[in-house]
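A look at the structure
In case you want the letters, here they are:
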Amino acid sequence: MKREKSESTLYDQVAAIPGGERLKLCLQCGTCGGSCPSGPDMDHTPREIFAMLMAGKREEVLKSNTFWFCVSCYYCTVRCPQQIPITAIMYQLKHIAAGEKKYTTDFTAFSQTFINMVENFGRGFELGLATQFYLTNRPLAAVGMMPMALGMLTRGRMALLPTRIKDLNGLKAVLRKAKQIARQRDREAGVRA
Amino acid sequence: MKYAYYPGCSLEKNAAAYGESFTAVADVLAQELVEIPDWNCCGATEYFSLDPLPAYALLARNLALVPKGLTDLVAPCSACYLNLYKTEHHMAERPQLNRDVNTALAEANLSYKPGTVHVRHALDILVKDVGCEAIAAHVKQPLRGLRLVPYYGCLVVRPGGLGSYDPEYPDALDRLLEALGATVVDFPLKAACCGGHMPQINPETAYGLIYELIASAASREADAIVTLCPMCQLNLDVYQAQANDHFGTHHSMPVLYFTQMMGLAFGLSPQAMGFGQEFVSAQPLLDKLASPPPPPEEEPKKKPQRSKKALPMPSLR
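What you are looking at is a predicted structure, and each value in this text was computed from that prediction instead of being measured.

Moving on, we get to the overall build of chain B. Summing up its helical and strand segments, chain B has 15 helices and eight strands in all. Expressed along its principal axes, the backbone C-alpha trace of chain B runs to roughly 90 × 50 × 45 Å. Out of the 317 residues in chain B, the part that is buried amounts to 56%. Long-range contacts, defined here as pairs at least 24 residues apart, represent 79% of the contacts in chain B between residues at least 6 apart.

Structure, rendered in C-alpha cells:
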C-alpha cells in the first residue's frame, strides 16, 4: 500500500476536528451504516469509510459518494457506542473534497449554488437555486421539475425574485474575511493544501 | 415572554403557512416576537458542508443582531435552529473559533459574545415556557376525532444532548397535540429522516424515505402528519406525488405544521393558518373537523364466554 506523500494523511485531517480523535476508537460495529437513511445507496457505509481512512485509502475515500449522501440526520452520531462525531466527520470530508477540483461533482455544485445565492442576496432563493443547479448540472431533470415549480408558484410558495438584506455589503465583508481566515486555518491543519 | 424572532428564509415563502400560523398562535398566547433586524440566511446544511468557518460567521451575524435586552432567540425551522444553536455552543467551547468569527464580524462592526443568546426552537418555547396546560386553556375547537401523527424529524431532537428531547423517541409534540384534543398516533418513525437534500442529490433515496413515512402514517389511519420543520413538510408534501409514482402507490396524506393545528384548535380560520398552501389537500381533515363523527357508543364489556365444547383449561385456583 502506498503511503501518503504529504505529511498529514487524510486520516489526520479528519481526526483534527473537535472530538475527531475518537475516530481511532471505531469498533467497526456498523451501527452507523445500519442507522443511516442513505446507507443503502452509499458507495461505502461510514464504517467502511473509517476502515479505508485507517488504511490510508485517500483517493478512494474522497471519490466515494458517502459523505455527499449524508443527510445530516445525526442518527449515527447519537447511536455510535464510541461517541465518534460521525456527522461532523462527514462534513469535514465534504469540506476537504470540495477543496480539490478532481473530487468535485454535481453534489458539490448543489451546495455551491446554494451558497452563491446566500452570498449574493443574504437570503436563500429557491427559484434561482433550482434553475441554476438543474440547468447547469442536470438539464434533463429540469424538465421533470417544471410541474412542481409551477405548483409552488401557484400556491404562493416560491418567490419569483430574490429578497436582499439591507447590509449586503457588510455581510459580504464578513464572509470575505471569514474565508481568508479559513484558508489560513486550512493551511495550518494541512487541509486543502 | 419576549423573544428575538428568527423566521428563516423558508418561512418567508415556501413555509409561509408555518410563519403565519406561528406568529398568530404566539399572539393568542401573548408571547411577543421581535424579528431580528436584517437577519440573513442560516446556510442550511450546505454552507457547513463546503466551508465551515464562513458558515459560522454567517450564523453569528444573526446572533450579533439580536436586539439588546433579549436573551432568548426562537427559530421555527429545524435547520435554522440547529445551525444557530451549533454556532452559539461551538463559539463558547472553542476559543479560536470564537476569535476567528469575531474577527470576521468586525468587518461589519459587529461582535457576538458566546453565552448571551439562548437559541431555542418554536416547539420548545411553546411546550416549556407556555406549557401544555396553558395551551389547552386556549382551545376553543378541540381537534376531537382527528388522528394525528407527531413527526419530529432529525435536527430538533438529535445532535444528542443539545436539547432535552429524547433523540429517538421524543414526546413533546405528542403532549401538545393531546392538549389540542387530537388523538395522537403512536408513530415508530417519529424521529426518522425525511430525506433532507436527497431529492436534489439522489431522488430515489429520498423517495424511499418519503414513501416509508407516508405509508406508515397511512397504515395507522392518520388524518395528517404534523411536522415542525419546513424541510420535512416540503419533502413529504411536495414530493409525495413523485414518491407515489415511484412505488406505484396512491397515498394522499396531508402534511401540516403543528402551529396550523394549534391555530385551528384556537378557533382561528383555516385560511389565516395557511391551509390551502399544501400540495396534498387537507380539506378532508377540515371537513372531518367540521362534522365530527358521533362518538362510538361504549358497549358494556362482557366477559368472553368460553365455548362449552372447548377443552378444559388448567385453573390457577
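What follows continues from the structure just given.
Quick look at the overall build of chain A now. When its secondary structure is counted, chain A shows 10 helices and zero strands. Sequence-ordered secondary structure for chain A, helices as α and strands as β, is α-α-α-α-α-α-α-α-α-α. Seen along its three principal axes, the alpha-carbon backbone of chain A occupies a region of about 55 × 40 × 30 Å. Within chain A, the fraction of its 193 residues that count as buried is 39%.

This part takes up unusual backbone geometry. With glycine set apart, most residues show a phi of negative sign, and most peptide bonds adopt trans. Residue and element names in this part refer to chain A. With a phi close to 65°, Ser 72 is a non-glycine residue in the positive phi region. Structurally, Ser 72 is set in the loop between α4 (58–63) and α5 (75–79). Using a count of 23 C-beta atoms within 10 Å as the deciding quantity, one classes Ser 72 as buried. Even without being a glycine, Gln 83 presents a positive backbone phi close to 50°. Its place among the elements puts Gln 83 in the loop between α5 and α6 (86–98). A residue is classified by how many C-beta atoms lie within 10 Å of it, and Gln 83, with 13 of them, is partly exposed.

Turning next to the interface of chain B and chain A. Across the boundary between the two partners, chain B contributes 48 residues, which contact 51 residues of chain A. Those elements giving two or more residues to the side of chain B that touches chain A turn out to be α1 (9–12), α3 (44–50), α4 (52–64), α6 (95–105), α10 (198–201) and α11 (203–219) of chain B. Considering every element that reaches the side of chain B that touches chain A, the biggest residue donor is α3 of chain B, with seven residues.

Next up on the list: the domain arrangement of chain B. Residues and elements named next belong to chain B. Looking at chain B, the domain boundaries give domain 1 (2–122) and domain 2 (132–290). Here the C-alpha centroids of domain 1 and domain 2 sit 24 Å apart. Domain 1 puts 23 residues into the contact, and the matching count from domain 2 is 26 residues. Counting residues per element, the ones that place at least two in the side of domain 1 that touches domain 2 are α1, α2 (16–28) and α5 (78–93). Sorting elements by how many residues they give to the side of domain 1 that touches domain 2 places α2 first, with nine residues. Taken together, the residues that form the side of domain 1 that touches domain 2 break down as 16 nonpolar, six polar and one charged.

Here the focus is the pairing of strand β7 (residues 224–227) of chain B. Residue and element names in this part refer to chain B. Residues Ala 224 and Val 226 line one face of β7 and the alternating positions Ile 225 and Thr 227 line the opposite face, and both faces are buried. Taken together, the four bridges between strand β5 (residues 147–151) and β7 define a ladder with parallel strand orientation. Each bridged residue has a counterpart across the sheet, and for Tyr 151 the counterpart in β7 is Thr 227. Bridging between β7 and strand β8 (residues 255–257) involves three bridges; their strand directions are parallel. Residue pairing across strands places Val 226 opposite Leu 256, the latter belonging to β8.

Our next topic: α4 of chain B. Counted at 1.5 Å a residue, the expected span for α4 of chain B with its 13 residues is 18 Å, and the 18 Å between its end C-alpha atoms agrees. Most of α4 of chain B sits out of view: 13 of its 13 residues are buried.

To continue, consider the pairing of strand β3 (residues 72–75) of chain B. Residue and element names in this part refer to chain B. Here strand β1 (residues 2–5) runs beside β3; their pairing, made up of two bridges, is parallel. If you follow Tyr 5 over to β3, its bridge partner there is Val 74. Taken together, the four bridges between β3 and strand β4 (residues 118–121) define a ladder with parallel strand orientation. Bridge assignment links Val 74 to a residue of β4, and that residue is Arg 120.

Turning next to the sheet that holds β3 of chain B. Residues and elements named next belong to chain B. A sheet is described by the order of its strands in space; here four strands give the open sequence β2-β1-β3-β4, paired in parallel fashion. If you trace the sheet from one side to the other, it starts and ends with β2 (32–35) and β4, each paired once. Ignoring which end each strand starts from, the neighbouring axes of this sheet average 40° apart. In the packing of α5 onto the sheet, the strands contacted are β3 and β4, and the crossing angle to β4 comes to about 160°. Each of β1, β3 and β4 touches helix α7 (residues 122–130); the most contacted strand, β4, lies at about 90° to it.

Residue and element names in this part refer to chain B. Contact pair α4 / α6: the axes reach a minimum separation of 9 Å and the direction vectors enclose 70°. Accordingly, the angle class assigned to the pair α4 and α6 is roughly perpendicular. Seen from above, α4 lies across α6 with right-handed handedness. Counted together, Leu 53, Tyr 56, Ala 57, Ala 60, Arg 61 and Ala 64 of α4 and Leu 97, Asp 100, Val 101, Ala 104 and Leu 105 of α6 form the full contact between these two elements. Along the lines of polarity and charge, the residues of the contact of α4 with α6 split into nine nonpolar, no polar and two charged.

On to the environment of Gly 69 of chain B. All names here are of chain B. Counting through the fold element by element, Gly 69 comes out in the loop between α4 and β3. With 8 C-beta atoms packed within 10 Å, Gly 69 lands in the exposed category. It is 45 Å that separates the C-alpha atoms of Gly 69 and Pro 284, two residues lying 215 residues apart in sequence.

Take the environment of Ile 125 of chain B next. All names here are of chain B. As for its position among the elements, Ile 125 is in helix α7. Sequence spacing of Ile 125 and Pro 230 is 105 residues, and the spatial spacing of their C-alpha atoms is 18 Å. Other than its neighbours up to four places away in sequence, Ile 125 contacts Tyr 3, Val 74, Arg 120 and Val 130.

What counts, and at which threshold
- Residues numbered from 1 in each chain as written.
- Chains lettered and ligands numbered in written order.
- Predicted model: local features only at pLDDT ≥ 70, side-chain atom pairs only at ≥ 80, totals over all residues.
- Helix = DSSP H or I, 4+ residues; strand = E, 2+ residues; numbered from the N terminus.
- Buried ≥ 20, exposed ≤ 12 C-beta atoms within 10 Å, placed from the backbone.
- Contact = placed C-beta atoms within 7 Å.
- Domains from an automatic or database assignment.
- Nonpolar A, V, L, I, M, F, W, Y, C, P; charged D, E, K, R; others polar.
- Pairing = 2+ DSSP bridges.
- Expected span 1.5 Å × (residues − 1).
- Axes fitted to C-alpha atoms, helices over the stretch in contact; angles between N-to-C directions.
- Parallel < 35°, antiparallel > 145°, perpendicular 65-115°, else oblique.
- Left-handed = near helix turned anticlockwise from the far one by under 90°.

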